[in-house]
Amino acid sequence: MSDLLELDDVTVQFAKRGTGGLLGSREYLKAVSGVSLSISPGETVGLIGESGSGKTTLGYTIAGRYRPESGSIRFQGNDVTGARGRELRELRSNIQMIFQDPFTALNPRRTIGDSVAEPLVSYRRLSTKREVHDRVAELLELCGLPASLSNRKPASFSGGQRQRIGIARALALNPKLVIADEPTSALDVSIQAQIINLLRSLQAELGLSYLFISHNLAVVRHIAHRVAIMYRGEIVEIAPTDQIFSQPQHPYTQSLLAAVPSMAAPFVGTSKCHESQI
Amino acid sequence: MSLTAADGLTSGIGLDGDPLARVRRGRRRLPSSTRILGYLSIAYLVLVCVAAVFASSIAPHSPINGVLPDRLLSPGWLHGKYLLGTDSLGRDILSRIIYGARTTLIIGFSVVVLSGLFGTVAGLVAGYRGGWVDQVIMRVADAQLAFPGLLLTIIVIGVEGPSTPVLIVVIAVYGWMVYARLVRALVLRLREEQFVRAAEMSGSKTPFILRKHLLPNLLPALMTQALLELARVILVEASLSYLGLGVQPPHASWGLMVSENQGYVSQAWWTVVCPGVALALTVLATNLVARVVAGGAVNPAASQWAIEPSGQATAERVDESSSITTPGPVLSVRDLTVSFAGAADDLVHAVQGVSFDIRPGEVLGVVGESGSGKSVSMASVLGILPDGARVGARSLEWRGKRISFEDLHRMRGRDISIIFQNPMSTLDPLMPVGRQIAEVLRKSKKMGRAAARARAIELLDLVGIPDPEQRYRQFPFEFSGGMAQRVAIALAVAPEPALLVADEPTTALDVTVQAQVLSLLKEVQQRLDIAIIFITHDLGVVRGIAHRCLVMYAGRVVEEGPTQSLFEAAQHPYTAALIAATPDVNDRRDELAPIPGDPAVAGAPTLSCAFAPRCSYSTEVCRQDLPILQIAAASATEPGRIRRVACWHEDSIVEAGAHR
Amino acid sequence: MTVFVLRRLVHGALVMLAVTLTVFFVTRLLTDPVQVMTPIGASPADKAALTEKLGLSHSLWSQLGTFFSQLVHGDFGRSYWQDAPALSLVGQRIPKTLELVGAGLLIALVGFIPLGVFASLRPGRLLDNVISAFCLTGVSIAPFWLGTMLILGFSEHLGWFPSAGSGGLRYLVLPAVTLALPMGGRIALITRVTMVEQWSQSYVVALRARGYGSARIIMAHLLRNVMVPILTLASYEAAFALAGYAVVVETVFAWPGFGQLAIQAVQQRDIVLLQAIVFIAALFVVAANLIADLACRVIDPRTKVA
């Protein structure tokens, strides 16, 4: 099965502020360093890392926001490294993103219908307003929201609902790959489970691939087929999910797993005081 | 004027951001006095504009031709010909004021429009394109700001001659920078907003983004700025006219009128006072309208938590002689209620009837999702409340002795300490951390400077900060998140309190750091035998640190008991569902079991079970009556493992119980 | 730190250069200075003589060259109107303007920062409304009118203070107050806004949670955090005042500072003198900004890292 997305030795760097120019040679910070990764159609790859690991930068790079310094990115067999202009627009219609904070990812002044329709409008995929309206309704229902709410503003929705709206927007252009940047980190536990299940069912129904970026190992376990662990810009380990969790090879992966507060950890025991009656 | 807690509750206290630093989105209602003044100001300005436009019809006399014999007549409000008197050339002051308004407003609006348009475009381009374009535009703006503006204006006018177009252009040239900088700053901030990024990533084109996303968010600030600039320009034109470099005689301008009649001010005060008042009122009105337009932006958003030092507790003061000090819970709270004004001026009942004990050396976990009231309840006990919140309790006991809320507040920093979620924002950013610890020591333990410093260094070492002597002098921004939280822990344990309230202390930290900080807390707790109230949404965390747990939902405690019993055999459907919904690294299940619907939002007091709509066990009785928190039948027979549940169907869960 | 200071000095020098060049070109290009400086009935011979005297017969570039070479020697040319070295004429006036602006700034800071602090303690209540109204009015009143009214009241009717000129402290009071009111109003308003913002910051809540009282919080913690915006504004105010807004007050009170000199120079069309005045004013503006920047860096160590 040919890969949908293939990254080969990708490096992304940023210039350090206050260097270069008159003050001496320019210094760079490598956010992503020599990363190779592939995603197949219909697969979810989990990308785990702590803050500063470069996982978000990697996600944005794949989505075309940053240009790699070196290395190549191939999408559906075509080289799209550093795509610009029309090529980038083409790429973006196939790769969409879901963001972490459902509260800031939607323009508070626009109705959710307009927000979901925006990609359709900007790519001029559909010709009439009616068609756009219908497609928006279809997308909202797909994500578990009543279509009748499309003329409301984000403020009247809960966090979980807003995240569903964000997902609906991401699906508007029928992308092949969805990059989910910590999509559940800002949600309550009970809602988190709803969103994870929704993403799974959408994948089954639409054949989507996901790059699921998170710092939460437990969540990733429930959605990813393969998991990549990132540390300081590099991928230190990548393996099928079960294998990562049961037989972690890299010391960093092992320390991560050891640090996660687990639901199977031993209890701290009752306190040494007696119970008192209320 | 305060932030309503409803926003904090619905948006997830502790889950998506520091509850202490939430910035409000949207407008706040202004106090009525400001609004009234605002409306009055708008009315006045409209009046001035109308007068200016229809000057020729409204002005009773000619502003230019005076009747010399009528010079310096005092104002004749009741019967005279000249309502505000005449000046030294016999000209009617009122008419001159009206025509002066026209001149001033023409110049004012022209300048604002000209400089505003130019500045806004420059700011948009600079902010959105960035790069060298931005650099160039900003350098020019900065340089121009450093020019001695008024002097150069004077020179140009002096050289070119004071005609209206010259005036307008010159003043405008000195105004565009303000707009450019404002717009650029706003654009830069807006670009970082997620929804703008989302639009970019989903392929929206730049003009579309500018139009639909940026401009609507820019306009309010621009309006305010334009109004402020108008006020400023009016003053500049008046000053220039006063100096003889603006509007020239015989035309009318308020500034010119003052300078013309300055010599006669002692005999004919009205010739100077009237135009001056007109000028002052107009500028004042413009400034006031600017404030109203800015609305909530002028008064910055208050934090989620403010503190009422005097406390607004309504707990009854119980006769203290009846108390006996017994060795028992450190803190005992019965029927705590917290309510505050909601966004729609209704009353939000954030906490309803919460009771708990905490014993010496015990860690009590308080678990819940957003809207549960977990943070509010613990914070309110200590007097960290949203503005205007009302707290009440049936009883409060400290070590067996009845006390009031005020007593509890006085114990802050001595017997009770708090750790917050985001250490960076809870330390004074401009004071070295060591000194902050020393300050606490000197205050709570009355230590001398040297002793406090030494002990502070000891504490820094205790919490695992390497090189404590060196780090003593460093500022909070020089620490990483985990290190800063360690400092916060040091600060909290410095006064050797009996009770520590930890509000989501590890939520904002990386996983590996979280584990370290948790084990530090455990160590410190055991070593110093401190009781801890540990608030969190993370079941995995609470499992490893808490001896007992309270599970909260919609402002009430739904289950309470030893952590192990809770996890192994939850009695309340919510607890069971929460455990089932929590993903686990060691779990081999594929599907997560979500809870349908959204967590209940605190609002009106609940008279039935708040979880019923989402509960798979709920029946009619659940929707009618409120279940009381009482000892669970199943646990009544297990000594030392008493549990309390608030559910009509507690027995049903025992069978189905999640065994984890 | 050194790098920072050097960078700012270079920047400042560039600004001064730009200012001087602007005046240079404005006075020579926008109009014919000779035309402007000679009375209407002047003969061509007079005009030619004046042109020669001012060096205006040479090309613009050679004039520029002469200008710079003179500049390097600190020679700004001779004032046409007063027939004295321009720089020394301005130099005589500098102390007076500094005295006025200094006094005004002092009153504005000492009198109005506390006002802003008090207003911020209970925002929306009576004290705040009164103080804010007062400050807003202060900012809205035209300085020249205020000065005139003060003269009317305190000088003519009450006879407490002289109405014009300078001499002892008594002469300074009214002009300084006139200058201080709008400055102070702005300073108080920004103090209030910043304080209110700081009160609701998390670290203040945390301080309260450690049992600190308001007074201690303000003195030991808040003031330092509030200082940066206030200092920035104060320096802007000083700079603007020095850069020209003192002109108006100086005119009302006939205060012999270089602002008043500028007005006279404009009336006399003395471009040489004007160049010198603007140069000095720009120097002060740059200096004020530099001092404020340095002070901010000292107070807030975070700016070093930026």
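Everything numeric here is computed off the predicted structure, so don't read it as measured data. (Residues numbered from 1 in each chain as written. Chains lettered and ligands numbered in written order. Predicted model: local features only at pLDDT ≥ 70, side-chain atom pairs only at ≥ 80, totals over all residues. Heavy atoms only, no water.)

### A closer look at the overall build of chain A
Helix and strand counts for chain A stand at 9 helices and 10 strands. If you line up chain A on its principal axes, its C-alpha atoms span 70 × 60 × 45 Å. Classification of the 278 residues of chain A by burial places 57% in the buried group. Long-range contacts, defined here as pairs at least 24 residues apart, represent 69% of the contacts in chain A between residues at least 6 apart. (Helix = DSSP H or I, 4+ residues; strand = E, 2+ residues; numbered from the N terminus. Buried < 20%, exposed > 50% of the residue type's maximum accessible area, 1.4 Å probe, protein only. Contact = heavy atoms within 4.5 Å.)

### A closer look at the overall build of chain B
In terms of regular secondary structure, chain B is built from 26 helices and 15 strands. Residues counted as buried form 61% of the 660 residues belonging to chain B.

### Description of the interface of chain A and chain B
Counting residues at the interface gives 71 residues for chain A and 82 residues for chain B. There are 1 salt bridge connecting chain A and chain B. With a closest N to O distance of 3.3 Å, B:E200 and A:R65 form a salt bridge. Linking chain A with chain B are 23 residue pairs in polar contact (both at pLDDT 80 or more), by the criterion used here. Broken down by secondary-structure element, the contributors of at least two residues to the side of chain A that touches chain B are α2 (85–94), β6 (95–98), α3 (112–123), α5 (159–171), α6 (189–206), α7 (217–221), α8 (241–246) and α9 (251–259) of chain A. Among the elements that make up the side of chain A that touches chain B, the one with the highest residue count is α6(A) (9 residues). Among the residues making up the side of chain A that touches chain B, the classes are represented as 34 nonpolar, 22 polar and 15 charged. (Salt bridge = Lys/Arg side-chain N within 4 Å of Asp/Glu carboxyl O. Polar contact = N/O pair within 3.5 Å; in protein donor to acceptor, adjacent residues only side chain to side chain. Nonpolar A, V, L, I, M, F, W, Y, C, P; charged D, E, K, R; others polar.)

### Some words on the packing of helix α5 (residues 86–121) of chain C against helix α11 (residues 258–268) of chain C
Residues and elements named next belong to chain C. For the pair α5 and α11, the least separation of the axes is 8 Å and the interaxial angle reads 135°. With respect to α11, the element α5 is oriented oblique. Residues L89, V90, R93, I94 and T97 of α5 pack against F258, G259, Q260, L261 and Q264 of α11. Grouping the amino acids of the contact of α5 with α11 by side-chain chemistry returns 5 nonpolar, 4 polar and 1 charged. (Axes fitted to C-alpha atoms, helices over the stretch in contact; angles between N-to-C directions. Parallel < 35°, antiparallel > 145°, perpendicular 65-115°, else oblique.)

### Quick word on the sheet that holds strand β10 (residues 499–503) of chain B
All names here are of chain B. One open sheet holds the 8 strands; their spatial order is β9-β10-β11-β4-β12-β13-β15-β14, and the pairing between them is mixed. One side of each edge strand has no neighbouring strand; the edge strands of this open sheet are β9 (416–419) and β14 (630–631). Examined bridge by bridge, strand β12 (residues 548–553) and strand β13 (residues 556–562) share 6 bridges and lie antiparallel to one another. Bridging from a neighbouring strand, Y553 pairs with R556 of β13. Packed onto the sheet, helix α23 (residues 573–581) meets β4 (363–367), β12 and β13 and runs at close to 100° relative to β12. (Pairing = 2+ DSSP bridges.)

### Topic: the sheet that holds strand β4 (residues 70–75) of chain A
Residue and element names in this part refer to chain A. Across the sheet, 4 strands lie side by side as β2-β1-β4-β5; this open sheet has antiparallel pairing. Each of the sheet's edge strands pairs with one partner strand only, and the pair in question is β2 (28–39) and β5 (78–79). Helix-sheet contacts for helix α1 (residues 55–62) involve β1 (5–15), β2 and β4, and the interaxial angle to β1 is about 115°.

### Some details on the packing of aromatic side chains
One pass over the structure, following the stated rule, counts 15 aromatic pairs over all chains. An angle of 45° between the planes, with centres 5.7 Å apart, marks the rings of C:F154 and C:W160 as tilted. Members of the aromatic cluster, joined through ring pairs, are A:F14, A:Y60 and A:Y66. Looking at B:R453, its charged tip hangs above the ring of B:Y472, at a distance of 4.7 Å from the centre. (Phe/Tyr/Trp six-rings, centres within 6.5 Å; stacked < 30°, edge-to-face > 60°. Lys NZ or Arg CZ within 6 Å of the ring centre and 35° of its normal.)

### A word on the interface of chain C and chain B
The partner chain B presents 72 residues to the 67 residues of chain C that form the contact. Summed over both partners, the interface of chain C with chain B buries about 6,100 Å², with 70% contributed by carbon and sulfur atoms. The largest per-residue losses of area from chain C upon contact with chain B belong to C:F144, C:W145 and C:R210, which jointly make up 11% of the total buried on that side. Counting every contact that joins chain C to chain B gives 0 salt bridges. The greatest single-element share of the side of chain C that touches chain B, amounting to 13 residues, is contributed by helix α10 (residues 214–252) of chain C. Residues belonging to the side of chain C that touches chain B are distributed by class as follows: 42 nonpolar, 15 polar and 10 charged. (Buried area = accessible area lost by both parts, 1.4 Å probe.)

### Quick word on helix α5 (residues 131–146) of chain B
With 16 residues, α5(B) should cover 22 Å at 1.5 Å per step; its first-to-last C-alpha distance of 23 Å lies within 8% of that length. Restricting attention to buried positions, one finds in α5(B) the residues B:V133, B:D134, B:I137, B:M138, B:A141, B:Q144, B:L145 and B:A146. On the buried face of α5(B), the contacting elements are α4 (93–129), α7 (164–173) and α8 (176–191) of chain B together with α1 (2–29) and α12 (271–299) of chain C. (Expected span 1.5 Å × (residues − 1).)

### Structural notes on unusual backbone geometry
Put simply, B:P249 and B:P250 share a cis peptide bond, and its omega is 10°. Although it is not a glycine, A:Q76 adopts a positive phi angle of roughly 50°. Backbone geometry places B:E504, a non-glycine residue, at a positive phi of 50°. If you trace the backbone, B:E504 turns up in the loop between β10 and α20 (511–528). Look at B:E504 and you get buried, because its relative accessible area is 1%.

### Points about a nonpolar patch on the surface
Residues and elements named next belong to chain B. A cluster of nonpolar side chains, contributed by Y39, I42, V46, V50, V53, F54 and I58, occupies part of the molecular surface with about 650 Å² of accessible area. Considering each element in turn, the nonpolar patch owes the most residues, 5 residues, to helix α2 (residues 32–53). Among the secondary structure elements, I42 is positioned in helix α2. (Patch = residues over 30% accessible without salt bridge, like charges linked within 9 Å, V, L, I, M, F, W, Y side chains within 5 Å. Areas by Shrake-Rupley, 256 points an atom, 1.4 Å probe, with all protein chains shown as cover.)

### Concerning the side chain of B:R412
The topology assignment puts B:R412 in the loop between α14 (405–410) and β9. Take B:R412: its relative accessible area is 7%, and that puts it in the buried class. Polar side-chain contacts of B:R412 include one of 3.0 Å to the backbone oxygen of C:R208.

### Here we look at the state of the cysteines
Residues and elements named next belong to chain B. Under the definition given, this model contains 0 disulfides over all chains. In this structure C615 is not part of a disulfide, and its nearest cysteine sulfur, from C647, lies 6.2 Å away. Of the residues examined, C615 reaches a relative accessible area of 15% and is grouped as buried. (Disulfide = S-S within 2.5 Å.)

### So, the pattern of salt bridges
Enumeration according to the criterion identifies 27 salt bridges over all chains in this entry. The partner of A:R226 in a salt bridge is A:E43, with the nearest N and O atoms 2.7 Å apart. Within this pair, whereas A:R226 is found in strand β9 (residues 226–231), its partner A:E43 is found in the loop between β2 and β3 (44–48), the two being separated by 183 residues in sequence. As far as burial versus exposure is concerned, A:R226 and A:E43 are alike and both buried. Note that B:R455 is salt-bridged to B:E496, the shortest N-O span being 3.6 Å. Of the two residues, B:R455 sits in helix α17 (residues 449–462) while B:E496 sits in the loop between α19 (481–493) and β10, which places them 41 residues apart along the sequence. The exposure class assigned to B:R455 is partly exposed, which follows from its relative accessible area of 22%. One network of salt bridges, with partners in common, ties together B:R359, B:E362, B:R548, B:E560 and B:R644.

### Details of α11(C)
By the criterion of burial, α11(C) is predominantly enclosed, with 8 of the 11 residues buried. Note on α11(C): the residue one or two positions beyond its end, C:R269, has a positive phi of about 60°.

### Notes on the environment of A:A264
Examined against the element boundaries, A:A264 turns out to sit in the segment after α9. Separated by 31 residues in the primary sequence, A:A264 and A:G233 place their C-alpha atoms 31 Å from one another. Those residues in contact with A:A264 that sit more than four places away from it in its chain are B:R543, B:D584 and B:N586.

### Quick look at the side chain of A:N107
Within the element layout of this structure, A:N107 appears in the loop between β6 and α3. The class of A:N107 is buried, set by a relative accessible area of 1%. Side-chain polar atoms of A:N107 contact the side chain of B:H213, separated by 2.8 Å. Apart from residues no more than four positions distant in its own chain, A:N107 is found in contact with A:P154, B:F195, B:K212, B:H213 and B:N217.

### What about the pairing of β9(B)?
Residues and elements named next belong to chain B. Side-chain alternation along β9 places I416 and I418 on one buried face and S417 and I419 on a second face that is also buried. Across 4 bridges, β9 lies against β10 in parallel orientation. Bridge pairing in β10 links I416 to L499.

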